[in-house]
Amino acid sequence: MTEIDTLDSKSGARPIQVARLTSLMKLLEERGHCSVAELAVHFDVSEETIRRDIRQLERTGRVQKTHGGVSIPSSELEAPYRIRLREQSDAKQRIAQHAARMVTEGMTLLLDSGTTCLWLARALAGFRDLTIITNSMEVAHEVLGRPGQRLFVAGGPIKPDYHAAFGPEAIAFCRRFVPDITVLSMGAIDAACGFLDFDSDEATFKRAILDRSRRVVVLADSTKFTKPGFIQVADFAEVKALYTDTQPPAAIRDAAQAHGMAIEVAV
């Protein structure tokens, strides 16, 4: 039972309030801090209603009150996955919404453990007749229980900083499938070296599943164009499309064109 469920059972919170508390926590995880005023506007309720919500969440230890607002406690802010989820969150959401247009009902998708893939999973909430394969506990949690979506989760040891499995068990499981689209995040993109990452286990997992998909696409915000990744995952020729939030530098555009890789820019 989650802390939100506990609030519901112990405090008699109404279902509509429980839904708001859950959404409020997701918003805080993305942003780190919100003011009472902006939360009232976001949820279309009074500021006093938001203050009551904050008091309830504060009793669980999940949030802490600040002057005029609320934040995630510092111990939670240090969780690497949550930090990455908040970084460039607006750009990642735009990329995910744009990438969702490539999906049609009846497809089988493999989503990796990147935070932009989590945003894509959220953008696919209204789709039916989808099969989603993932090595990410966060993506699995997002998809689990949705009507019309089948979920397959790769197992094995979970890497805490990524909330995901990258080991031999996860690779073997994912290679059993032939997805219509495999969607990957990337740590860096380089005109000479292609798509790069920073973690060897994550890079090994991604390389191992490239050849099983009918189509591989990458979701990456524009900060990845200048980051110095050092583990190669894929060449431009192995990726059909890059979904991003701004046009890449000319050298990356030229490399993509030379290898027939499309660039999709979210507006």
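For the structure itself, look to the data block above.
Below is a summary of the structure that appears in this document. (Residues numbered from 1 in each chain as written. Predicted model: local features only at pLDDT ≥ 70, side-chain atom pairs only at ≥ 80, totals over all residues. Heavy atoms only, no water.)

1. Quick look at the overall build of the protein
Spelled out, the test is: The secondary structure listing takes helices from DSSP runs of H or I that are at least 4 residues long and strands from runs of E that are at least 2 residues long, numbered from the N terminus. With the radius of gyration taken over C-alpha atoms, the globule rule is written as 2.2 Å times the number of residues to the power 0.38. We call two residues in contact whenever any of their non-hydrogen atoms come within 4.5 Å of each other. Computed with the Shrake-Rupley method and a 1.4 Å probe, the accessible areas treat only the protein chains shown as cover for residues.
Of regular secondary structure, the protein possesses 12 helices and 15 strands. Against the compact-globule benchmark of 18 Å for 267 residues, the protein has a radius of gyration of 20 Å, which places it among compact chains. Dimensions of the protein along its principal axes, counting C-alpha atoms only, are 60 × 35 × 30 Å. Within the protein, contacts between residues at least 6 apart in sequence are counted, and of these 58% link residues at least 24 apart. About 12300 Å² of surface is accessible on the protein, with carbon and sulfur atoms providing 51% of the total.

2. Let's talk about the pairing of strand β4 (residues 108-111)
Note the cut-off: Only protein chains enter the accessibility calculation, which uses a 1.4 Å probe; a residue is then buried when its area is under 20% of its type maximum, exposed when over 50%, and partly exposed in between. In this analysis, strands are considered paired if DSSP registers two or more bridges between them.
The alternating pattern of β4 places T108 and L110 on one face and L109 and L111 on the opposite face, and all of these are buried. Sheet analysis places β4 next to strand β9 (residues 181-185), joined by three bridges and oriented parallel. If you follow L109 over to β9, its bridge partner there is I181.

3. A look at a nonpolar patch on the surface
Put simply, the test is: Only residues whose relative accessible area exceeds 30% and that form no salt bridge are eligible for patches; like-charged ones are grouped when within 9 Å, while nonpolar side chains (Val, Leu, Ile, Met, Phe, Trp, Tyr) are grouped when within 5 Å. Here, a salt bridge means any side-chain nitrogen of Lys or Arg that lies within 4 Å of a carboxyl oxygen of Asp or Glu.
A cluster of nonpolar residues, M137, V153 and I158, forms a patch on the protein surface that exposes about 210 Å² of accessible area. Assignment of secondary structure puts I158 in strand β7 (residues 158-159).

4. Overview of the environment of A125
Considering the arrangement of structural elements, one finds A125 in the loop between α8 (115-123) and β5 (130-134). On a C-alpha basis, the gap between A125 and R146 in space is 7.4 Å, while along the polypeptide they are 21 residues apart. Filtering out sequence-adjacent residues up to four positions away, A125 remains in contact with R146 and Q149.

5. Looking at the sheet that holds strand β1 (residues 33-35)
Let me state the cut-off plainly: Axis geometry follows a simple rule: fit a line to the C-alpha atoms, using only the stretch in contact for helices, then measure angles between N-to-C directions, giving values from 0 to 180 degrees.
Taken in spatial order, the three strands of this open sheet run β1-β3-β2, and their pairing is antiparallel. Edge positions in the sheet fall to β1 and β2 (64-66), since each of these pairs with one other strand and no more. In this sheet, adjacent strand axes meet at a mean angle of 25° when their direction is disregarded. Sheet topology note: the β2/strand β3 (residues 69-71) ladder contains three bridges and is antiparallel. Bridging across to β3, Q64 finds its partner in S71. Here helix α3 (residues 36-43) sits on the sheet and contacts β1 and β3; the angle it forms with β1, its principal contact strand, is near 80°.

6. Quick look at helix α11 (residues 200-209)
To be explicit about the condition: For the purposes of these results, a polar contact is taken to be a pair of N or O atoms within 3.5 Å, where, inside protein, one atom must be able to donate a hydrogen and its partner to accept one; residues adjacent in sequence count only when each atom of the pair is a side-chain atom.
Of all the positions in α11, only E202, A203, F205, K206, A208 and I209 are classed as buried. Check the buried side of α11 and you find it contacts β4, β8 (164-165), α10 (168-174), β9, β11 (194-197) and β13 (231-234). The N-capping residue of α11, defined by a side-chain oxygen 3.0 Å from the backbone nitrogen of D201, is D199.

7. Some words on the packing of helix α7 (residues 89-99) against α8
Note the cut-off: Here roughly perpendicular refers to angles of 65 to 115 degrees, roughly parallel to angles under 35, roughly antiparallel to angles over 145, and oblique to all remaining angles. Left-handed describes a crossing in which the near helix is turned anticlockwise from the far one by less than a right angle; the clockwise case is right-handed. Following the grouping adopted for this structure description, the nonpolar residues are Ala, Val, Leu, Ile, Met, Phe, Trp, Tyr, Cys and Pro, the charged ones are Asp, Glu, Lys and Arg, and the polar ones are all others, Gly among them.
Running from N to C, α7 and α8 point in directions that differ by 50°, and their axes come no closer than 8 Å. Judged by the inter-axis angle, α7 sits oblique to α8. In this structure, α7 meets α8 at a crossing whose hand is right-handed. Note on element contacts: α8 touches α7 through T115, T116, W119, L120 and A123, opposite S89, K92, Q93, I95, A96, Q97 and A99. Here the contact of α7 with α8 is built from residues that sort into six nonpolar, five polar and one charged.

8. Overview of unusual backbone geometry
Positive phi is not limited to glycine here, since D44 has a value of about 55°. Turning to its location among the elements, D44 is positioned in the loop between α3 and α4 (47-60). In this structure, D129 is a non-glycine residue whose phi angle is positive, near 55°. Relative to the helices and strands, D129 is located in the loop between α8 and β5.

9. Brief notes about α4
Basically, it comes down to this: One less than the residue count of a helix, multiplied by 1.5 Å, gives the span that helix is expected to have. Along the arc lie the directions from the helix axis toward the C-beta atoms.
In a regular helix each residue adds 1.5 Å, so 14 residues correspond to 20 Å; α4 covers 20 Å between its end C-alpha atoms and thus fits that length. If you check which residues of α4 are buried, you get T49, I50, D53, I54, Q56 and L57. One side of α4 carries all its buried residues, which in axial view fall inside an arc of 165°. Immediately beyond the C-terminal end of α4, within one or two residues, lies G61, with a positive phi of roughly 85°.

10. Notes on the environment of N135
Considering the arrangement of structural elements, one finds N135 in the loop between β5 and α9 (137-143). Assessed through its relative accessible area of 0%, N135 is described here as buried. For N135 and Q64, which are 71 residues apart along the polypeptide, the C-alpha to C-alpha distance reads 32 Å. Not counting residues within four places of it along the chain, the set of residues in contact with N135 comprises L111, D112, S113, A154, H163, A164, A165, F166 and F205. For N135, the side chain forms a polar contact with the main-chain oxygen of A165, separated by 2.9 Å.

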